[in-house]
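Okay, here's what each chain looks like letter by letter:
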Amino acid sequence: MTKDLDHLQREALQALEAVDDEGALTGWRTSYLGRKGEVTEAVKALGGLSPAERPAYGRRVNEVKQALEAGYEARLQELKEAGQARSLTADAVDVTLPGRPPRPGRLHPASRTLREMYSIFGEMGFQIYRSCDVETDEFNFALLNMPPHHPARDMWDTFYTTVPGVILRTHTSPGQVRAMRAYYPEPIRVILPGMCYRYEQLTARSEFMFNQLEGLAVGETITMADLKGTIVAFARRMFGAGRQVRFRASHFPFTEPSAEVDMDCVLCRGAGCRVCKYTGWLEIAGAGMVHPVVLENGGYDPDRYTGFAFGLGPERVAMLKYGIEDIRYFWGNDLRFLAQF
Ligand code: FA5
């Protein structure tokens, strides 16, 4: 009997040497050490032996079982190591190859223009005041001297939310009252940038969403001359020294007097061309002296304080600066356009 066990051990260990992958190793284990495997059967045979034969046979069959189990573990380890070594050579990375350069992002032309405007106004002492994109009817219209049914509201129709009286702002001007209430009774010199939304016919010059940059100065000695000086300095810093700026009488319910600000055409320098519709001038902003009613709504006594305000369109400024023909490129998300900046 023990001779058979010697034979079994020799044969199993020889077979183990020939095993060269983990699948075959599992098969080997089943046929020798599995529930119906040869070693298991040999252990079961113990029951049929005489009491005299049992101790020697039992000891030997245990030795065989342990030798095979140890052989199995050792082979498994060898196969795993060989597999790892193979994949290290097959999947090797050549670390000396040049890397793929990451493509850095860039600023959107509107953000770029806004930042340029921040730095110009920043040098003139203006701080940035961030107001809300989602506004109330009260701030967007009523506090700016446009009570319900005021005809000027038609010019600035907008998007409405499902909450009555809550709208997307049509201009950055509601931020004037918010800034005044935040700064009162200090003098104010702020710019208010951000998105505005309008129910608007889309054209090459008009979008339904666009940025504005509002300027607001309030103090005890502010005059129209300060407004003109500020806008002229901005135009010359943004578009080059020697730019001509003119103020054309206009009307906004929240400024008195009000003006549209024009700059001589960047293309023809005032001679007249297609871009300026042969007038020689391009409109860059709405502006004026803050209306006494608005000063009062912001908490400032209009008998003591005065202020100026203006509203610039950064996309329109960028169109002039970079010669962009159609404002719809800005939010069309076409990389061929955006990658040029
Ligand atoms: C206003 O929105 C006033 N709140 C401006 C103002 C501020 C006047 C402070 C007085 C004092 P207006 O609707 O003209 O005015 O817009 C101002 C600027 O925003 C325009 O000159 C233009 O540059 C830009 N803008 C207006 N509508 C659009 C549009 N649909 N698409 C792109 N830019 C626009």
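For clarity, every value in this text was computed on a predicted model and none was experimentally measured.

**Some details on the pattern of salt bridges**
Then, in step 1: All told, the structure shown has 15 salt bridges when counted by the stated rule.
Then, in step 2: Close ionic contact of Asp-326 with Arg-328 constitutes a salt bridge, the shortest N to O distance being 2.9 Å.
Then, in step 3: By relative accessible area, Asp-326 is classed as buried at 17%.
Then, in step 4: Using a relative accessible area of 36% as the deciding quantity, one classes Arg-328 as partly exposed.
Then, in step 5: Asp-334 is paired through a salt bridge with Arg-336; the nearest N and O atoms lie 2.7 Å apart.
Then, in step 6: By relative accessible area, Asp-334 is classed as partly exposed at 27%.
Then, in step 7: Judged by its relative accessible area of 67%, Arg-336 falls in the exposed class.
Then, in step 8: Salt bridges sharing common partners tie together Arg-246, Arg-248, Asp-262 and Glu-283.

**Description of the packing of helix H2 (residues 22-33) against helix H4 (residues 54-90)**
Then, in step 1: Across the interface, H2 lies against H4 with an axial gap of 11 Å and an inter-helix angle of 175 degrees. Judged by the angle between their axes, H2 and H4 are roughly antiparallel. Where H2 abuts H4, its residues Glu-22, Leu-25, Trp-28, Arg-29, Tyr-32 and Leu-33 lie against Lys-65, Leu-68, Glu-69, Tyr-72, Arg-75, Leu-76, Leu-79 and Lys-80.

**Section: the pairing of strand E9 (residues 306-312)**
Then, in step 1: In terms of burial, E9 is a largely internal element, 5 of the 7 residues being buried.
Then, in step 2: Alignment of strand E5 (residues 209-219) against E9, held across 7 bridges, turns out to be antiparallel. Across the sheet, residue Glu-214 finds its bridge partner in E9, namely Gly-311.
Then, in step 3: Judged from the 5 bridges that link them, strand E8 (residues 281-290) and E9 form a sheet pairing that is antiparallel. Counterpart to Ala-285 in the pairing with E9 is Leu-312.

**A few points about the side chain of Arg-75**
Then, in step 1: Relative to the assigned elements, Arg-75 resides in helix H4.
Then, in step 2: The class of Arg-75 is buried, set by a relative accessible area of 16%.
Then, in step 3: Not counting residues within four places of it along the chain, the set of residues in contact with Arg-75 comprises Leu-16, Glu-17, Val-19, Asp-20 and Leu-25.

**Here's the deal with the site of the ligand**
Then, in step 1: Taken together, 24 residues sit near the ligand, with His-171, Ser-173, Arg-198, Glu-200 and Glu-207 positioned nearest.
Then, in step 2: A distance of 3.1 Å separates an oxygen atom of the ligand from a polar side-chain atom of Trp-156.
Then, in step 3: In the environment of the ligand, an oxygen atom lies 3.0 Å from a nitrogen or oxygen atom belonging to the side chain of Gln-212.
Then, in step 4: If the ligand stood free it would expose 670 Å²; the protein chains cover 95% of that surface.
Then, in step 5: Among the secondary structure elements, those contributing two or more residues to the shell around the ligand are E5, E8 and E9.
Then, in step 6: Taken together, the residues of the shell around the ligand break down into 8 nonpolar, 9 polar and 7 charged.

Conventions we followed
Residues numbered from 1 in each chain as written. Predicted model: local features only at pLDDT ≥ 70, side-chain atom pairs only at ≥ 80, totals over all residues. Heavy atoms only, no water. Salt bridge = Lys/Arg side-chain N within 4 Å of Asp/Glu carboxyl O. Buried < 20%, exposed > 50% of the residue type's maximum accessible area, 1.4 Å probe, protein only. Axes fitted to C-alpha atoms, helices over the stretch in contact; angles between N-to-C directions. Helix = DSSP H or I, 4+ residues; strand = E, 2+ residues; numbered from the N terminus. Parallel < 35°, antiparallel > 145°, perpendicular 65-115°, else oblique. Contact = heavy atoms within 4.5 Å. Pairing = 2+ DSSP bridges. Near = heavy atom within 4 Å. Polar contact = N/O pair within 3.5 Å; in protein donor to acceptor, adjacent residues only side chain to side chain. Areas by Shrake-Rupley, 256 points an atom, 1.4 Å probe, with all protein chains shown as cover. Nonpolar A, V, L, I, M, F, W, Y, C, P; charged D, E, K, R; others polar.

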